[in-house]
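Letter by letter, the chains look like this.
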Amino acid sequence: MARRYWALALLGFLLGALPTGSVLAKDIGPANPACDSFAKASPEWRACAARIAATDGELFYAGYWLARNGRYEEALTYLNEAEPRTTRVLTYIGFATRKLGNVDKALGYYAEALAMNPDNTVARAYLGEAHLQRGELLKAETELKEIAVRCGTSCVEYGELATHIADFKKGSHLPG
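All values reported here derive from a predicted model rather than from experimental measurement.

Calculation notes
- Residues numbered from 1 in each chain as written.
- Predicted model: local features only at pLDDT ≥ 70, side-chain atom pairs only at ≥ 80, totals over all residues.
- Heavy atoms only, no water.
- Helix = DSSP H or I, 4+ residues; strand = E, 2+ residues; numbered from the N terminus.
- Buried < 20%, exposed > 50% of the residue type's maximum accessible area, 1.4 Å probe, protein only.
- Contact = heavy atoms within 4.5 Å.
- Areas by Shrake-Rupley, 256 points an atom, 1.4 Å probe, with all protein chains shown as cover.
- Phe/Tyr/Trp six-rings, centres within 6.5 Å; stacked < 30°, edge-to-face > 60°.
- Axes fitted to C-alpha atoms, helices over the stretch in contact; angles between N-to-C directions.
- Parallel < 35°, antiparallel > 145°, perpendicular 65-115°, else oblique.
- Left-handed = near helix turned anticlockwise from the far one by under 90°.
- Nonpolar A, V, L, I, M, F, W, Y, C, P; charged D, E, K, R; others polar.

> If you had to explain the overall build of the protein to someone new, which residues and values would you point to?
Looking only at helices and strands, the protein has nine helices and zero strands in total. Reading the protein from its N end, one meets helices and strands in the order α-α-α-α-α-α-α-α-α. A buried classification covers 47% of the 176 residues belonging to the protein. In the protein, of all internal contacts separated by at least 6 residues, the share reaching a separation of at least 24 is 59%. Working note: accessible area of the protein is about 8400 Å², and carbon and sulfur atoms make up 57% of it.

> Tell me about the packing of aromatic side chains, residues and numbers included.
Taken as a whole and assessed by the stated rule, the structure comprises nine aromatic pairs. Here the aromatic residues Phe60, Tyr64, Trp65, Tyr72, Tyr92, Phe95, Tyr110 and Tyr126 are joined through ring pairs into a cluster of three or more.

> Talk me through the packing of helix H3 (residues 59–68) against helix H5 (residues 87–99); I want residue IDs and the actual numbers.
Axis separation between H3 and H5 bottoms out at 10 Å; the angle between their running directions is 30°. Classified by the angle their axes make, H3 and H5 are roughly parallel. At the point where H3 passes H5, the crossing takes the left-handed sense. Residues Phe60, Tyr64, Ala67 and Arg68 of H3 lie in contact with H5, whose contacting residues are Arg88, Val89, Tyr92 and Phe95. In terms of residue class, the contact of H3 with H5 is built from six nonpolar, no polar and two charged.

> Help me get a handle on the environment of Met116, residues and values and all.
Residue position: Met116 is located in helix H6 (residues 103–116). Sequence spacing of Met116 and Thr86 is 30 residues, and the spatial spacing of their C-alpha atoms is 8.0 Å. Aside from chain neighbours lying at most four places away, what touches Met116 is Arg85, Thr86, Thr87 and Leu90.

The structure is reproduced here in structure tokens:
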């Protein structure tokens, strides 16, 4: 109980430090009718997210938004407590882990997420980015083809990974 109290207090503090106007890409984020009427990172949203994080099912909500706003270590605190460990929870544990520089460990989370749901194109796109970070172009291109099969070439996941692959081929910045 004390751990949960301190986690909620920490979440309130961290959510207060999130930038406003965050741009989302591959995933629109979890829906929460109680909080989604507020602008992300607004004082009202921070208060709502801190309140709902008290339930295990809502830990993903807080972890997701922390990860999407670059607060990877804090995000992992919540994502690792989320139950059940759904394909989306595993995808964002992998995302935050990769962003912290542990690409090899992230690969395991993406594999676990895809074993649960092979159609998780967000996990496939992040897996493709991880392959690029490791210099494995062919594996990234394989994920791009898998995304095309599952959602076509006009979905956001395909477009973003295709851009990362093109940048990789030009020697530009790798996703990380």
